[in-house]
Amino acid sequence: MKKRPVVKKGQTGDSGAWRASPGRSRGTPRPRYSALRLVSKGFTQGDWAKVWRQHDVEPRYDVVIIGGGLHGLATAYYLAAYHGVRKIAVLDKGYLGGGGSGRNTAIVRSNYLTPEGVRFYDRSLKLYENLAGELNFNVMFSQRGHLTLAHNDGGLRTMRWRAEVNKTQGVDSEVIDPDEIKKLVPSMDTSDRTRYPILGALYHPPGGIIRHDAVVWGYARAAAGLGVHLHQDTEVTGIDVHHGRVTGVRTTRGNISTATVVNCTAGWSTLISEMAGVEMPVTTSPLQAAVTEPVKPFLDTVVVSGSLHVYVSQTDRGELVFGASVDPFTSYSVRGSLEFVEGLASNVLKLMPGLSKMRLLRQWSGLCDMTPDYSPIIGPTPVGGFFVDVGWGTYGFKAGPVAGEAMAECIVSDRSPEIIADFGLDRFRSGRLVGEKGAAAVGH
Amino acid sequence: MMQIPCPWCGPRNATEFRHHGPHAPRPDPATASAEEWRRYLYLRPNPYGPVEETWYHAAGCRRFVSVIRDTFTNATQWSEGGPR
Ligand SMILES: Cc1cc2nc3c(=O)[nH]c(=O)nc-3n(C[C@H](O)[C@H](O)[C@H](O)COP(=O)(O)OP(=O)(O)OC[C@H]3O[C@@H](n4cnc5c(N)ncnc54)[C@H](O)[C@@H]3O)c2cc1C
Ligand SMILES: [Zn+2]
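None of these values were measured; they are calculated from a predicted model. (Residues numbered from 1 in each chain as written. Chains lettered and ligands numbered in written order. Predicted model: local features only at pLDDT ≥ 70, side-chain atom pairs only at ≥ 80, totals over all residues. Heavy atoms only, no water.)

Peer 1: Describe in detail the overall build of chain B, supporting the description with residues and values.
Peer 2: Regarding its fold elements, chain B presents one helix and six strands. Across chain B, helices and strands are ordered from the amino to the carboxyl terminus as β-β-β-α-β-β-β. By its C-alpha atoms, chain B is 40 × 30 × 20 Å across when sized along the principal axes. The long-range fraction of contacts in chain B, counting pairs at least 24 apart against all pairs at least 6 apart in sequence, stands at 46%. (Helix = DSSP H or I, 4+ residues; strand = E, 2+ residues; numbered from the N terminus. Contact = heavy atoms within 4.5 Å.)

Peer 1: Explain the site of ligand 1 to me, using residue names and the numbers behind them.
Peer 2: All names here are of chain A. Not every one of the 36 residues close to ligand 1 is listed here, only the nearest: H71, D92, G100, S101 and K398. For ligand 1, an oxygen atom lies 2.5 Å from a polar atom in the side chain of D92. Between ligand 1 and W392 there is a distance of 3.5 Å, counted from an oxygen atom to a backbone nitrogen or oxygen. Contact with the protein chains covers 98% of the free accessible surface of ligand 1, which is 1,000 Å². Looking at the shell around ligand 1 residue by residue, the classes come out as 16 nonpolar, 15 polar and five charged. Two domains each provide a minimum of three residues to the shell around ligand 1, namely domain 1 (54–138 + 212–282 + 373–439) and domain 2 (146–207 + 284–369). (Near = heavy atom within 4 Å. Polar contact = N/O pair within 3.5 Å; in protein donor to acceptor, adjacent residues only side chain to side chain. Areas by Shrake-Rupley, 256 points an atom, 1.4 Å probe, with all protein chains shown as cover. Nonpolar A, V, L, I, M, F, W, Y, C, P; charged D, E, K, R; others polar. Domains from an automatic or database assignment.)

Peer 1: Give a detailed account of the interface of chain A and chain B, specifying residues and quantitative values.
Peer 2: At the junction of the two partners, chain A supplies 19 residues and chain B supplies 18 residues. Overall, the association of chain A and chain B removes approximately 1,700 Å² of surface from exposure, summing both partners, and the carbon and sulfur fraction of that is 56%. Considering only the surface of chain A that becomes buried against chain B, F329(A), Y332(A) and E339(A) emerge as the three largest contributors, covering 32% of it. Along the contact surface separating chain A from chain B lie two salt bridges. Here R429(A) makes a salt bridge to E35(B), at a shortest N to O gap of 3.0 Å. Along the contact surface separating chain A from chain B lie nine residue pairs in polar contact (both at pLDDT 80 or more). Put simply, the parts of the chain that give the side of chain A that touches chain B at least two residues each are α8 (269–275), β13 (283–292) and α11 (427–430) of chain A. Split into classes, the residues belonging to the side of chain A that touches chain B amount to ten nonpolar, six polar and three charged. (Buried area = accessible area lost by both parts, 1.4 Å probe. Salt bridge = Lys/Arg side-chain N within 4 Å of Asp/Glu carboxyl O.)

Peer 1: Help me get a handle on the coordination of the zinc ion (ligand 2), residues and values and all.
Peer 2: Residue and element names in this part refer to chain B. Looking at the metal site, the zinc ion (ligand 2) is ligated by C6 (SG), C9 (SG), H57 (ND1) and C61 (SG), spaced 2.0 to 2.3 Å from it. Positions of the donor residues of the zinc ion (ligand 2) along the chain correspond to the pattern C-x2-C-x47-H-x3-C. Residue classification places H57 among the buried residues on the basis of a relative accessible area of 0%. With a relative accessible area of 24%, C61 lands in the partly exposed category. (Donors = N, O, S within 2.8 Å, 3.2 Å for Na, K, Ca; no water. Buried < 20%, exposed > 50% of the residue type's maximum accessible area, 1.4 Å probe, protein only.)

Peer 1: With reference to specific residues and values, describe the packing of aromatic side chains.
Peer 2: Where two aromatic rings form a pair, the distance of their centres and the angle of their planes describe that pair. Under the criterion given, the structure shown has 19 aromatic pairs over all chains. Through a chain of ring-to-ring contacts, the aromatic side chains of Y112(A), F120(A), Y121(A), W392(A) and F423(A) assemble into a single cluster. Cation over ring: K87(A) sits above Y61(A), and NZ or CZ is 5.4 Å from the ring centre. Cation over ring: R63(B) sits above W8(B), and NZ or CZ is 4.2 Å from the ring centre. (Phe/Tyr/Trp six-rings, centres within 6.5 Å; stacked < 30°, edge-to-face > 60°. Lys NZ or Arg CZ within 6 Å of the ring centre and 35° of its normal.)

Peer 1: Kindly report on the UniProt feature "domain: FAD dependent oxidoreductase" (unreviewed entry) in chain A, identifying the contributing residues and their values.
Peer 2: The UniProt record marks residues 62–409 of chain A with the feature "domain: FAD dependent oxidoreductase" (unreviewed entry), using the residue numbering of this structure. As annotated, residues 62–409 of chain A comprises 29% helix and 26% strand, and the C-alpha atoms at either end are separated by 15 Å. (UniProt positions renumbered as here; feature names shortened; annotations may be inferred.)

Peer 1: An account of the sheet that holds strand β15 (residues 310–314) of chain A is needed here, citing residue identities and associated values.
Peer 2: Residues and elements named next belong to chain A. Taken in spatial order, the eight strands line up as β5-β6-β4-β14-β15-β16-β13-β17 in an open sheet, and their pairing is mixed. Looking at strand neighbours, the two that pair on one side only are β5 (174–176) and β17 (360–370), the edges of this open sheet. Pairwise comparison of adjacent strand axes, ignoring direction, gives a mean angle of 25° for this sheet. Summarising the sheet, β13 and strand β16 (residues 320–323) pair through three bridges and their orientation is antiparallel. Bridging across to β16, A289 finds its partner in G323. (Pairing = 2+ DSSP bridges. Axes fitted to C-alpha atoms, helices over the stretch in contact; angles between N-to-C directions.)

Peer 1: Tell me about the pairing of strand β4 (residues 146–150) of chain A, residues and numbers included.
Peer 2: Residues and elements named next belong to chain A. Of all five residues that make up β4, five are buried, and the element is covered over most of its length. Of the two faces of β4, the one holding H146, T148 and A150 and the one holding L147 and L149 are both buried throughout. With five bridges joining them, β4 and strand β6 (residues 200–204) adopt antiparallel strand pairing. Paired with H146 across the bridge in β6 is H204. The pairing of β4 with strand β14 (residues 302–305) spans four bridges and is classified as parallel.

Given below as structure tokens:
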């Protein structure tokens, strides 16, 4: 039996009024999906029922979540399913999953560098392992193993460091040598005659890839099933703050009064926080990715090379998905560039010369909200009732479930649960940064 | 490709430059308060639209140039402010 996520119920206090019935269990999205239904639908040719519907924007909500990406939707789901919060709205200026959540390369792993980070991302990985059952939606999580290559002594040292930190947190992670790498990825050039010989790799068997759209749709469907209003094409244009507390949100579809607002807008998040008068150490940079035409499966694991600034995985359909580091400047533009593809191709071929005849199908780009320490900013802000779940940089997709779970608890109890306590906005005042650059700059 | 107008070399491809971001004068470490230093270290404006910023022409004249760039279109123009 799958274990249900354990969420400590928040202290009731003034937030008690929110609950329809305290401790209400999660709802099951209807209609339920199953193999049987799929077969019977095949015979009857009937349409599948819409899984979420349009609502009018109501003048009042208990919680308004800005951003209909994975983080906003997961927060809405955990609030509704585990805390019985009833009147929740998720607002998105475009469509659900139109931001980073629909553009990422879907790598899920927990082999980070700091104990705080490893604990946090590992909780998310565990939630992902049970997510298909939890949401009654096939999220196609494929734990195919994750390799981070080291091409020099410095790199190898960081891999050893990460492996040791990972082990202390109970995460399966170890350094392996080129022979073992060759067994896992026969197509890779592990000889010492290359420009950047491979000295070893950090191997993380539980890591892998997931179907990112399915995760977004699964949370959206489950949240909608619990009565959450999902408002697409609804842009937030202002946030009302009186005497240091949030009182409402202005949108292109009317004003909403609410005492609780959550900023889940990733690349656009500084613009939203500014509306509430909250400053954040976040800058926005594009991150690009590309896929090739599909070919027969030959690459099982995810392969990342920090020195070559490139990573690759093969999807279930057979396409190779490539990515790199963020573009080296800030921007809100999601146009791809030729420099990116050129650099990518030359680096990929250093690792896997056999790919030289493959053709790229397309490239795209998404916005990343970068923080100085490559860790997220989650929790309350100096403005009462205004919460942030931002700073997801290039690594936030894997964190969706844990961030949603923790954010929901943070909102109902009005304080940060332990798992996110180190990721508060106040750390930039106290100087207690959570440096994850060594584990997050290239391998997302 | 995005181009940066260098006052000494003319418009050149952005790949020749290093982005330094919006002008951020460094406070005097001897007299700055902790709060001023914190702001200098971590808080950078992240505007949507035009911003005046510094680029370093690393693969060219190796000078710092001041440019106004629209962060949405990435269109750049020569900044009256002159080099940093
Ligand atoms: C190319 C690429 C590859 C990546 N690879 C990985 C990876 O392999 N693994 C990983 O873990 N992470 C990866 N990431 C990072 C990951 O995609 C993001 O961190 C994550 O999706 C952020 O989710 P989110 O829900 O916070 O934000 P988003 O999905 O970006 O959603 C934010 C939403 O806010 C909405 N919004 C903005 N402004 C407003 C407004 N004024 N009013 C209303 N709505 C607004 C937007 O329309 C958008 O839908 C990658 C990112 C990119 C771009
Ligand atoms: Zn020049």
